[in-house]
Amino acid sequence: MNYYSLNNNAPKVNFSEAVIKGLAPDRGLYFPEEITPLPKSFFDTIETLDNVEIAYQAIHQFVGDEIPEIELRNILEDVLSFDFPVVEVEQNIGTLELFHGPTMAFKDVGARFMARCLGYFNRNNENHVTVLVATSGDTGGAVANGFLGVKGVDVVILYPTGKVSAIQEKQLTTLGQNITALEIDGVFDDCQEMVKTAFLDKDIIDYKQLTSANSINIARWLPQLFYFLFAYKQVKHKRKDITFSVPSGNFGNICAGIVAHKLGLPVKQFVAATNINDTVVQYLKTSEYNPKPSKATISNAMDVGNPSNFIRIQKLFNNNFEDLTNAFSAYSFNDIQTKEAMKKIYNSTGYIADPHGAVGYLGLKKQGINGSDYGIFLETAHPVKFLDTVEETIDVKVKIPSQIQKVIDKEKKSIAIDSYKKLKEFLLG
């Protein structure tokens, strides 16, 4: 499998090169040359397959022969070592819980998959790779945990000061070893722009090998397609048309879901549920893409004003606006609506949703689920990661899971950075 840049001004590369480079030299995102649908029999018998087999069949074409089958299966066995349950919260509506991993966020799978792929590619290499990543919340913790102690890999995480939750900050600033956290005076988009600029800075890339663990990296992005297959396996017996509502910030998760659809997964509609950072929502209304500075919300992992992965979504629909709008919807909700949804879900069902999951729920309701449909909204993080907001909104004490207990009392260690110049000095230092 070869990958090409969506800016169409860079050489094609194989899987390992795309993973190691992260971003193409022309600043474009890598995209697979082709996506071959899986046989119908795969979906007809999916309920008889375990998660590792499902994942292997889905990802193998994208990896090719660069990782031997036994090694790839071992990687998947390690990465998928926790559950991905669909929990019914209302008639014809379930939530796909993606927070049962080590950092209690959906980013765990992609971060762990990429870390193990990079570890495999780097197994005989004495040169260090620096993973440079921007986070609006959960990516940082997942990447830090996934890459902790990986041979030959240093991780540098940029996060906006005061704009991630206290627990998210602990998860990315307390591990030490090969993990360094840089606290940026700005918003997530500033962090992301610094990362992209560093990738094109000749002074830096001539000095050290950089790669990214944001969802711009194919090894972080593509494994997220597993979630949609795992959900289908669980609800297939309902024999209803499925609508997925995905809380969306950088749009990597929903983009991977559309790849699963291209592989043959039966899906009626994809709904991108966003907070007030509504760039894509406005695009679907006007057909004009106008990114803007991000605004802070209680669903901070979605505080993205210029989502990187939307160009991949457009490509998946052959850059045809009509085809896109037929299968893809997007709706925006503010913090007041989000809190009201959290209250409604809890008061009527007893289910505790985090702010991102609540936005996903609102997306389903806005889209509408009739009697012949089954709606699934993604719960992308455990409510404990937004403890103050959740407990204040629904007046309930959230039990602190063991994964969080491990870091909650550790000392935060970060380096303050207020400009790209300072980042460059750090990387060259």
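Refer to the preceding data block for the structure.
What comes next concerns the included structure. (Residues numbered from 1 in each chain as written. Predicted model: local features only at pLDDT ≥ 70, side-chain atom pairs only at ≥ 80, totals over all residues. Heavy atoms only, no water.)

**Comments concerning the pattern of salt bridges**
- A full pass over the atoms with the stated rule returns 21 salt bridges.
- A salt bridge links Glu 33 to Lys 12, with the nearest nitrogen and oxygen atoms 2.5 Å apart. Of the two residues, Glu 33 is situated in the loop between β3 (30-32) and α2 (40-44) and Lys 12 in the loop between β1 (2-5) and β2 (13-14); the sequence distance between them amounts to 21 residues.
- Of the charged contacts, one joins Glu 90 and Lys 344 as a salt bridge, the two residues approaching to 3.5 Å between their closest N and O atoms. Residue Glu 90 is found in strand β4 (residues 86-90), and its partner Lys 344 is found in helix α16 (residues 335-349); the two are separated by 254 residues along the sequence.
- Taking relative accessible area as the criterion, Glu 90 reaches 19% and is therefore assigned buried.
- Several salt bridges share partner residues, and in doing so they unite Glu 53, Glu 69 and Arg 73 into one network. (Salt bridge = Lys/Arg side-chain N within 4 Å of Asp/Glu carboxyl O. Helix = DSSP H or I, 4+ residues; strand = E, 2+ residues; numbered from the N terminus. Buried < 20%, exposed > 50% of the residue type's maximum accessible area, 1.4 Å probe, protein only.)

**A few points about the side chain of Ser 245**
- Turning to its location among the elements, Ser 245 is positioned in strand β10 (residues 241-247).
- Discounting residues that sit within four places of it in the chain, Ser 245 has contacts with Val 271, Ala 273, Gly 360, Gly 363, Leu 364, Ile 376, Phe 377 and Leu 378. (Contact = heavy atoms within 4.5 Å.)

**Comments concerning empty space enclosed by the protein**
- Under the criterion given, the structure shown has two cavities of 30 Å³ or more.
- Estimates place the volume of the largest cavity at around 240 Å³.
- Surrounding the largest cavity, 25 residues form its lining, Phe 106, Lys 107, Gly 249, Asn 250 and Ala 301 being those nearest its centre.
- Secondary-structure elements contributing two or more residues to the lining of the largest cavity are β10 and α12 (252-262).
- Residues of the lining of the largest cavity, tallied by class, amount to ten nonpolar, 13 polar and two charged.
- In this structure, the second largest cavity occupies an estimated 70 Å³ of space.
- Taken together, Ser 136, Pro 160, Lys 163, Val 187, Phe 188, Ser 294, Lys 295, Ala 296, Asn 300 and Asp 303 make up the lining of the second largest cavity.
- Here the lining of the second largest cavity is composed, by residue class, of four nonpolar, three polar and three charged. (1 Å grid on protein atoms, 1.4 Å probe; cavity = no way out; pocket = protein on both sides within 12 Å on 5 of 7 lines; lining within 4 Å. Points joined across faces, edges and corners; volume = space filled by probe spheres on them. Nonpolar A, V, L, I, M, F, W, Y, C, P; charged D, E, K, R; others polar.)

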